[in-house]
Each structure stands twice: as C-alpha cells, then as structure tokens.
Amino acid sequence: MPRKILSATAGLFGAGMSPFRVFLSFFLLLLLFNAGWWFNPPHWDEILGLHNQAVFLAKHHFSFSELWRPEQHSFEGSDVYRFGILPLLYAVLYSFLPPVWVHLTGHLFNMACIAGAGTLMVGILRKNGVSAGTALLWAIAVFCEPLIAGRSAALGQECALIFCVMLALEAFLRKRWYAAFGILLLGGLVKGSAAVACLALLLGLVLRMVLRKEERKRVCGPLIAGGICLLLLLALLQHNVDFAGGGLHLGGPVRDGGRSGWIFLLKKGFFHYELYFPVLFSVILAGGGAFAVRWIRKRKKIPSEDFLFQCALLLTVLGFVGAYLMARIALPRYMAAASFPAFLLLALNLPRFRRSTAVLLIPNGLLAPVFCHIPERRSGSVGRGSIWNGAGSI
C-alpha cells in the first residue's frame, strides 16, 4: 500500500527521482538516526493513552462493552481514543507478540510515516522547481526539528497523523479535493486533531471560490463534502476535547489574572516559543513573513495556483498553532503536525538562500534540545514489560 501511494505521486518528482527510492533512503536515515531507540517502550501519556487502551482490549478479549463503560472514559480509565484505529491495531499486536516486538513494530511504523511525509514534501518542492538536492536537504531539516525528532522516536499517534496531513495537502495541490477530505476523515480515526487540517483546507477552498469566480461551480461539491467531513471530525474530537465543558480558551476573561483571552494566548505563545518550539516557531514566523512579502510584491489580480496552495499551507500551520494555544491542556506534541507544512511554506518562499537555509536549520534543530527545555527521548519511559503487567489498572 505505501508503495502504491508513493508511485501515484511519481509525477511530482521529475526525471531521475524515484519516490520509492527517496522513501527508502529517508527510512534508512531515520533508522540510523534512531538506532538507540528501536526497542524503547512507550513513555509519558502514551502509557496512559494509546497503549493503555490497546493492552486493555487485548486483555479483555476485545470487549468494547467493557471498554466503553462510564468508569473507563478518557483520563479515568482506558477509553481514551474511543474511535481510534491505532489502539485496535496495537491490541492485535499485543495479543500475538511479546511487548518488546510490539514496540519495535510501532517504532518502524512511525519512522515509515515520517519518511513518507518527507517523500511527499520532496515531491511538492520538486513540482515547484526546487532542485533535487535542495528538496532532500529541506526534508532532512524537518527530520532534525526537535519535535519531529522526538515523535519519530516515540510510540504515539502523531506520526501517522503527520503522514495523513501531508498526503491530504499533496492531493489538494493536485486539485483532488474529495480525496484530500477523505484522507483527513481517515486521519480523524488516527487522531481527532485531523479536524484542524480539514478546517484549513475547507477555508482554502472558500478562498479559491472567492478569488476565482470562474471555479465556483467546480468548488461547490468539494466544499459540501469538506463541511460534512469537518462535522464528523469535530464529533470524533469531542470525546477528547470537551468544547462546552471548558476544554478550550475561547476568548473573553480567563482565570489567569482576569486578562482578556487574546492577551493570554499571546503570552502563552511567547512563553512556549522559548520553552518548547524555538526552531518550529522561528520557521513559522519566517515562513509567514516571507510568504507575505513575496505575494504583496507580485500583486496579481488573478491568484496563481502556487499562491492558493501556499494559502492552504499557511492556514494549516496557523490552525494547529491556534488549536495548541486554545487548548486548556496543551502538550508540545499537539504541534507536531504543523512542522512539515511550516518548513514547506518557508522553503517555497525563499527564492534566494534556499539551500543555505536548509543547511543552517539542520544543526540548529539538532542543537536546540541542548539549550531549551525539550523532553529527552529516554525520559518518562517504563520497563519493557511493565505496561503489560499494569494494564487495566492504570
């Protein structure tokens, strides 16, 4: 299946570049980069969430009636991702394999997802006239970004979501809008925050309809389909984020000193910039600035396809940033899906110094955890057998 997906995008790469070879090269690079973590068990909230639910299902013979009991809901028990497909897949693995081999399989799957996302990024850059070497360097720069480096070594669900988001963006670029929303609907079964990307692409289509009147009829069908997908994804997300019960900061006065919601969000963003996202937020600011400067200078009455696609990228990035800032309980991994679109936006808007910027970002990404408070890959982990022995009682 992954090979078929990559082959379908072969036209993006141009002559002399095979998407499967690019994927294989990236996968081997990630294997080497994460050589010390292949058998690492889950850590932090992966223990309480994804793997807790998977082990519960495996130990209770896949009894969903037991899982969906009121006392098992969300943080109080094992029903964390009620509609998630990854807990079910991990439960199957835990039923037949020792935990250590389940962990290895999970790490290989996550690295394959990141390699696939990098391959799609290279294809999009190549379609926009970026040289093969420079496109490869930008993908490697994303791999070195601290958040992506941490997620590729973890056993969570973010890597699969990242691949779904990039696959949807690639479909959006090729004007396969129904496919893009269908991919994100599937992504919602991986992780509910796919709703953010769905909303971003929906707004991208609205923008296209406003700026290109001749395409209004063509866009109406995908808009309706995207709206339906968004409603379904929001319903899936409600299980984990209680919108009405205070799960989000939605503006107005907040408890933090009585300041307005906007001031609170700005202060939170500034504080987390230095604390968790020195590289990613810098890339987002630089990419947004370069995008604005480039397209203000052009001032075209009829927007190009490049402009409309980059608007979709920008909306995706801003969507995940906004969702992270509004979340009452915000974990750094919630921002992982913004990394590839953010780096892609910056790369597309740097006609000069594009290669040197990628080269500069690689060591900066590797060194950022040394100077900033970014959780180490090994911290918070448990013994290789302890999650199994304690499942159902966490």
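Structural data are supplied above this passage.
Every chain is numbered on its own, with residues counted from 1 as its sequence reads. Only residues with pLDDT of at least 70 are given local features in this predicted model, and only at 80 or more are side-chain atom pairs given and counted; all residues enter the totals for whole chains, interfaces and linings. Note that the side-chain values use all heavy atoms of the structure and ignore hydrogens as well as water.

**Focus: the overall build of the chain**
Here is step 1: The number of helices and strands found in the chain is 19 helices and zero strands.
Here is step 2: Residues classed as buried in the chain amount to 52% of the 394 residues present.
Here is step 3: Residue contacts are defined here by distance: any two heavy atoms, one from each residue, within 4.5 Å place the two residues in contact. For the chain, the share of sequence-separated contacts (at least 6 apart) that also reach a separation of at least 24 residues comes to 78%.
Here is step 4: Element-wise, carbon and sulfur atoms account for 68% of the exposed surface of the chain, whose accessible area totals about 18100 Å². Elements are defined by DSSP. Helices are runs of H or I of four residues or more, strands are runs of E of two residues or more, and each kind is numbered from the N terminus. Partly exposed residues are those whose accessible area sits between 20% and 50% of the maximum for their type, while under 20% is buried and over 50% is exposed, using a 1.4 Å probe and protein chains only. Note on areas: Shrake-Rupley, 1.4 Å probe, and residue coverage restricted to the protein chains presented here.

**Structural notes on the side chain of Gln-310**
Here is step 1: As for its position among the elements, Gln-310 is in helix 16 (residues 305–326).
Here is step 2: A relative accessible area of 2% means that Gln-310 is categorised as buried.
Here is step 3: In contact with Gln-310, other than residues within four places in its own chain, are Phe-291, Arg-294, Trp-295, Leu-345, Leu-348 and Asn-349.

**Considering the packing of aromatic side chains**
Here is step 1: Any Phe, Tyr or Trp ring, taking Trp's six-membered ring, that has another such ring centre within 6.5 Å forms a pair; planes under 30 degrees apart are called stacked, those over 60 apart edge-to-face, and the others tilted. Applying the stated criterion to the full structure yields eleven aromatic pairs.
Here is step 2: Between the aromatic rings of Phe-26 and Phe-143, the centroid separation amounts to 5.0 Å while the plane-to-plane angle is 90 degrees, which identifies the pairing as edge-to-face. Of this pair, Phe-26 sits in helix 2 (residues 19–33) while Phe-143 sits in helix 8 (residues 132–144), placing them 117 residues apart in sequence.
Here is step 3: Judged by relative accessible area, Phe-26 falls into the buried class, the value being 4%.
Here is step 4: Relative accessible area serves as the criterion here: at 3%, Phe-143 is assigned to the buried category.
Here is step 5: A connected cluster of aromatic rings, assembled from ring pairs, spans Tyr-276, Phe-277, Phe-281 and Tyr-324.
Here is step 6: Think of it as a cone above the ring: NZ of Lys or CZ of Arg counts as a charge over the ring if it is within 6 Å of the ring centre and within 35 degrees of the ring normal. For the cation-ring pair, Lys-268 lies above Tyr-324, with the distance from its terminal atom to the ring centre recorded as 5.6 Å.

**Re the state of the cysteines**
Here is step 1: The disulfide definition used here is simple: a pair of cysteine sulfur atoms within 2.5 Å. In total, this model carries zero disulfides according to the counting rule given.
Here is step 2: With no disulfide of its own, Cys-229 lies 5.5 Å from the sulfur of Cys-198, the closest cysteine sulfur.

**Quick notes on the packing of helix 10 (residues 158–173) against helix 11 (residues 177–190)**
Here is step 1: For helices, the fitted axis covers only the stretch in contact; all axes are lines through C-alpha atoms, and the angles between them, taken along N-to-C directions, range from 0 to 180 degrees. Their axes nearest at 8 Å, the elements helix 10 and helix 11 cross at an angle of 170 degrees. When the interaxial angle is binned, helix 10 and helix 11 end up roughly antiparallel. Contacts between helix 10 and helix 11 involve Ala-160, Leu-161, Cys-164, Val-165, Leu-167, Ala-168, Ala-171 and Phe-172 from the former and Trp-177, Ala-179, Ala-180, Ile-183, Leu-184, Gly-187 and Val-190 from the latter.
Here is step 2: Note on residue classes: Ala, Val, Leu, Ile, Met, Phe, Trp, Tyr, Cys and Pro are nonpolar, Asp, Glu, Lys and Arg are charged, and everything else, Gly too, is polar. Here the residues of the contact of helix 10 with helix 11 are counted per class, giving 14 nonpolar, one polar and no charged. The scheme is simple: roughly parallel for angles under 35 degrees, roughly antiparallel for over 145, roughly perpendicular for 65 to 115, oblique for anything else.

**So, the environment of Ile-140**
Here is step 1: Looking at where Ile-140 falls in the secondary structure, it is placed in helix 8.
Here is step 2: Exposure remark for Ile-140: the relative accessible area of 25% places this residue in the partly exposed category.
Here is step 3: Non-local contacts of Ile-140, meaning those with residues more than four positions away in its chain, are made with Phe-26, Leu-29 and Ile-362.

**Here's the deal with helix 15 (residues 278–298)**
Residues spaced three or four apart along an α-helix face the same direction, because each turn holds 3.6 residues.
Here is step 1: Under the 1.5 Å per step criterion, the end-to-end length of helix 15 is 31 Å for 21 residues, consistent within 8% with the ideal 30 Å.
Here is step 2: Regarding helix 15, the residues found buried are Pro-278, Val-279, Leu-280, Phe-281, Val-283, Ile-284, Gly-287, Gly-288, Ala-290, Phe-291 and Trp-295.
Here is step 3: Looking one or two residues past helix 15, Arg-299 carries a phi angle of roughly 50 degrees, positive in sign. A helix is expected to span 1.5 Å multiplied by its residue count minus one.

**Observations concerning the environment of Gly-118**
Here is step 1: Here Gly-118 is to be found in helix 7 (residues 99–127).
Here is step 2: Among the residues examined, Gly-118 registers a relative accessible area of 0% and is labelled buried.
Here is step 3: Gly-118 sits 23 residues away from Ala-141 along the chain, and the two C-alpha atoms are 9.9 Å apart.
Here is step 4: Setting aside residues up to four positions removed in sequence, Gly-118 forms contacts with Phe-26, Ala-139, Phe-143 and Phe-340.

**So, the packing of helix 2 against helix 7**
Here is step 1: Across the interface, helix 2 lies against helix 7 with an axial gap of 8 Å and an inter-helix angle of 135 degrees. Here helix 2 lies oblique to helix 7, going by the angle between them. As helix 2 runs across helix 7, the sense of the crossing is right-handed. Facing Pro-19, Val-22, Phe-23, Phe-26, Phe-27, Leu-30 and Leu-31 of helix 2, the residues of helix 7 in contact are Leu-108, Met-111, Ala-112, Ile-114, Ala-115, Gly-116, Gly-118, Thr-119 and Val-122. In this scheme the crossing of two helices becomes right-handed for a clockwise turn of the near helix relative to the far one and left-handed for an anticlockwise turn of less than a right angle.

**Some thoughts on the side chain of Ser-339**
Here is step 1: Mapping Ser-339 onto the fold places it in helix 17 (residues 339–348).
Here is step 2: The definition of a polar contact used here is a pair of N or O atoms within 3.5 Å, where within protein one atom must be able to donate a hydrogen and the other to accept one, and adjacent residues in sequence count solely through side-chain atom pairs. Among the polar contacts listed, one links the side chain of Ser-339 to the side chain of Glu-145, at a separation of 3.4 Å.

**Some thoughts on the pattern of salt bridges**
Here is step 1: Each salt bridge in this description consists of a side-chain nitrogen of Lys or Arg and a carboxyl oxygen of Asp or Glu lying within 4 Å of one another. A full pass over the atoms with the stated rule returns eleven salt bridges.
Here is step 2: Two residues, Glu-158 and Arg-151, come together in a salt bridge whose shortest N-O distance is 2.9 Å.
Here is step 3: Using a relative accessible area of 3% as the deciding quantity, one classes Glu-158 as buried.
Here is step 4: The closest approach of N and O atoms between Glu-305 and Lys-175, which form a salt bridge, is 3.0 Å. In this pair, Glu-305 sits in helix 16 while Lys-175 sits in the loop between helix 10 and helix 11, placing the two residues 130 residues apart along the sequence.
Here is step 5: Here the salt bridges share partners, and the residues they tie into one network are Glu-46, Arg-151, Glu-158, Lys-191 and Arg-333.

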